[in-house]
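A structural walkthrough
As a plain string of letters, each chain reads:
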Amino acid sequence: MAVKFFGQYLVEQGTITMDGLRNAVELQEKRNLKLGELAMEMGLISVADIQLAHNEQMTRDVKLGDLLVDRGLLSPAQLNDLLVRQKNNHLYIGEALIQTGALTETSLREHLESFSATQAIYAPTGTRLPITTGNDPLWEMCLDLTCSMVTRVLDLKHRPGTCMPITTIHPNHMLAAMELQGDVTARFIISVSEKLQKTIARAMLSEWSVEHEPAEILEDTVREFANVICGNIAAKASQAGVVMDILPPYTVQVPPAGLPTPDGYGSFIFPIHLEDGDTLELILLIQE
Amino acid sequence: MTRVLVVDDSLSVARQLEKIISESGDFTCVGHAKNGAEAIRMNHTENPDIICMDMNMPGMDGLTALRTLSVMDKDVKVVMVTSLGGVGDKFTEALKLGAKNVISKPFGADDVLRILREL
């Protein structure tokens with residue numbers, strides 16, 4: 001057992017089929033409109049407004065609704081109305097499974113209880129570091145911002161796992177790193193599977209398929225994804241009065257036995273569990 | 001056609017920029033340099049009207065190249081490309097050195113073309 005989404009758990013338990021889950025997810029997608037989609041459906045904004053806002057969101061850590069209000073495209077009252085409608089009409093996966101006939105109300109309650117029990121040990125600690133580094137809010141911001149970029153650049157739902165200290169960096173399909181230097185010194189690393197590398201490549205290249213892309217382009221997109229995250233981290237740190245320069249991203253080669261973390265650094269791994277079952281690992285090596 | 005030189009160590013970013021520029025109808029891409037030193041050389045050989053240059057590159061970075069270009073060639077217009085989100089010392093320095101604008105990564109075609117057309 002690992003960190004799971006409820007639907008995935010039900011499939012693995014044999015309670016529902018993959019097709020049953022797919023039908024329920026499709027129903028959710030039809031019913032659970034994103035804020036921008038809802039605003040467009042209500043005739044408050046245009047497709048062009050959304051595109052502009054999304055482009056701006058890639059470089060600004062601000063929610064879409066707040067951005068639309070900032071740009072004068074929505075009034076605060078309209079935003080509030082949209083958020084209330086979105087919340088009141090949200091269809092959860094359990095309800096979707098009932099509506100598509102995959103589960104009964106009774107079995108949903110039973111399975112939710114057992115799911116909660118199995119997942120309790122994976123309850124996230126938020127973005128709290130397990131030990132203090134002296135700059136905890138800064139590094140916690142790194143973690144939060146990485147999650148934000150997973151949502152905004154990759155458009156993937158995710159669930160943060162528990163942050164743990166590490167002494168070894170384990171191999172993966174690819175690890176991309178950036179050095180953060182200035183008032184603080186750290187190494188920012190993201191570790192991705194082959195599947196996640198392709199997901200990142202599709203998002204960064206704005207392409208539907210990357211199957212025929214050469215390996216060097218696929219690798220480059222992961223480095224650029226790290227660059228985008230670290231650029232945002234440096235920008236946000238700057239707003240908080242912390243000067244932080246970023247050096248160009250590079251690929252980390254990890255031997256099969258793993259790479260020991262350097263002396264004099266506090267080293268942490270922060271798993272971000274993605275909706276498709278994959279995991280993006282964020283590794284921070286923070287100079288003490 | 002306005003001639004644009006792309007300068008970025010990232011193959012994927014350079015490819016995206018080249019595609020946006022070549023599909024625009026009013027700009028043409030005259031080449032791709034992978035660092036600041038190559039950019040200075042290609043500015044001499046390709047004589048672009050605009051240089052779209054990454055700020056953060058291995059070897060000679062974008063700011064160092066901009067400093068040189070601003071002295072060597074007063075006509076070329078340089079737009080910096082960065083993931084730094086429009087704040088910070090590098091951004092300020094780029095503007096002081098004469099960069100005409102800054103394109104934030106990741107970018108869309110509309111952002112890039114709007115900035116290039118405003119030059």
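Right, let's walk through the structure included here. The residue numbering used here restarts from 1 in each chain and proceeds along that chain's sequence as written. Whichever chain is written first is A, and whichever ligand is written first is 1; the rest continue in order. Local features in this predicted model are restricted to residues whose pLDDT is 70 or higher, and side-chain atom pairs enter the listing and the counts only when it is 80 or higher, whereas totals over whole chains, interfaces and linings include all residues. Only heavy atoms go into the side-chain values, all of them from the structure, while hydrogens and water stay out.

Focus: the overall build of chain B
What counts, and what does not: The helix count covers DSSP runs of H or I at least four residues long, the strand count covers runs of E at least two residues long, and both are numbered beginning at the N terminus. Radius of gyration here uses only the C-alpha atoms, and the compact-globule reference equals 2.2 Å multiplied by the residue count raised to the power 0.38. Working definition: with a 1.4 Å probe on protein chains only, accessible area under 20% of the residue-type maximum means buried, over 50% means exposed, and in between means partly exposed. Note on contacts: a residue pair qualifies if any of its non-hydrogen atoms lie within 4.5 Å across the two residues. All accessible-area figures derive from a Shrake-Rupley calculation using a 1.4 Å probe, and residue coverage is judged against the displayed protein chains alone. Lys and Arg are tallied as positive, Asp and Glu as negative. Neither His nor the chain termini are counted. Every charge is mapped onto a representative atom, which is NZ of Lys, CZ of Arg, CG of Asp or CD of Glu.
Along the backbone of chain B there are 5 helices and 5 strands. Along the chain direction, N to C, the helices and strands of chain B fall in the order β-α-β-α-β-α-β-α-β-α. Taking 119 residues into account, the globule formula puts the C-alpha radius of gyration at 14 Å, and chain B, at 13 Å, falls close to it. Viewed in the frame of its principal axes, chain B has a C-alpha envelope of about 35 × 30 × 25 Å. Counting across all 119 residues of chain B, residues that qualify as buried make up 52%. By sequence separation, contacts in chain B at least 24 residues apart represent 64% of the contacts at least 6 residues apart. Put simply, chain B shows about 5000 Å² of open surface, and 49% of that area lies on carbon and sulfur atoms. The distance from the centre of the 14 positive side-chain charges to the centre of the 17 negative ones in chain B is 2 Å.

What about the pattern of salt bridges?
Our working definition: Definition used for salt bridges: Asp or Glu carboxyl oxygen within 4 Å of a side-chain nitrogen of Lys or Arg.
A full pass over the atoms with the stated rule returns 14 salt bridges over all chains. When the shortest N-O distance is used, the salt bridge between B:K19 and A:E207 registers 3.8 Å. Placement of B:K19 in helix α1 (residues 11–22) and of A:E207 in the loop between α10 (194–205) and α11 (215–239) is noted, with the two residues assigned to different chains. Judged by its relative accessible area of 28%, A:E207 falls in the partly exposed class. Counted as one network, the salt bridges with shared partners bring together A:E224, B:D8, B:D54 and B:K105.

Comments concerning the pairing of strand β3 (residues 50–54) of chain B
All names here are of chain B. In plain terms, the rule: DSSP bridges decide pairing: two strands pair if at least two such bridges lie between them. Seen with its strands pointing away from the viewer, a crossover is right-handed if its path from the first strand over the helix to the second goes clockwise.
Among the 5 residues that make up β3, 5 are buried, leaving the element largely enclosed by the rest of the structure. Taking every second residue as pointing to the same face, both faces of β3 are buried, with I50, C52 and D54 on one and I51 and M53 on the other. Note: strand β1 (residues 2–7) against β3, 4 bridges, orientation parallel. Of the residues in β3, the one forming a bridge with V7 is M53. Here 5 bridges tie β3 to strand β4 (residues 77–82), and the two strands are oriented parallel to one another. Paired with D54 across the bridge in β4 is V81. Handedness of the crossover joining β3 and β4 through helix α3 (residues 62–72): right-handed.

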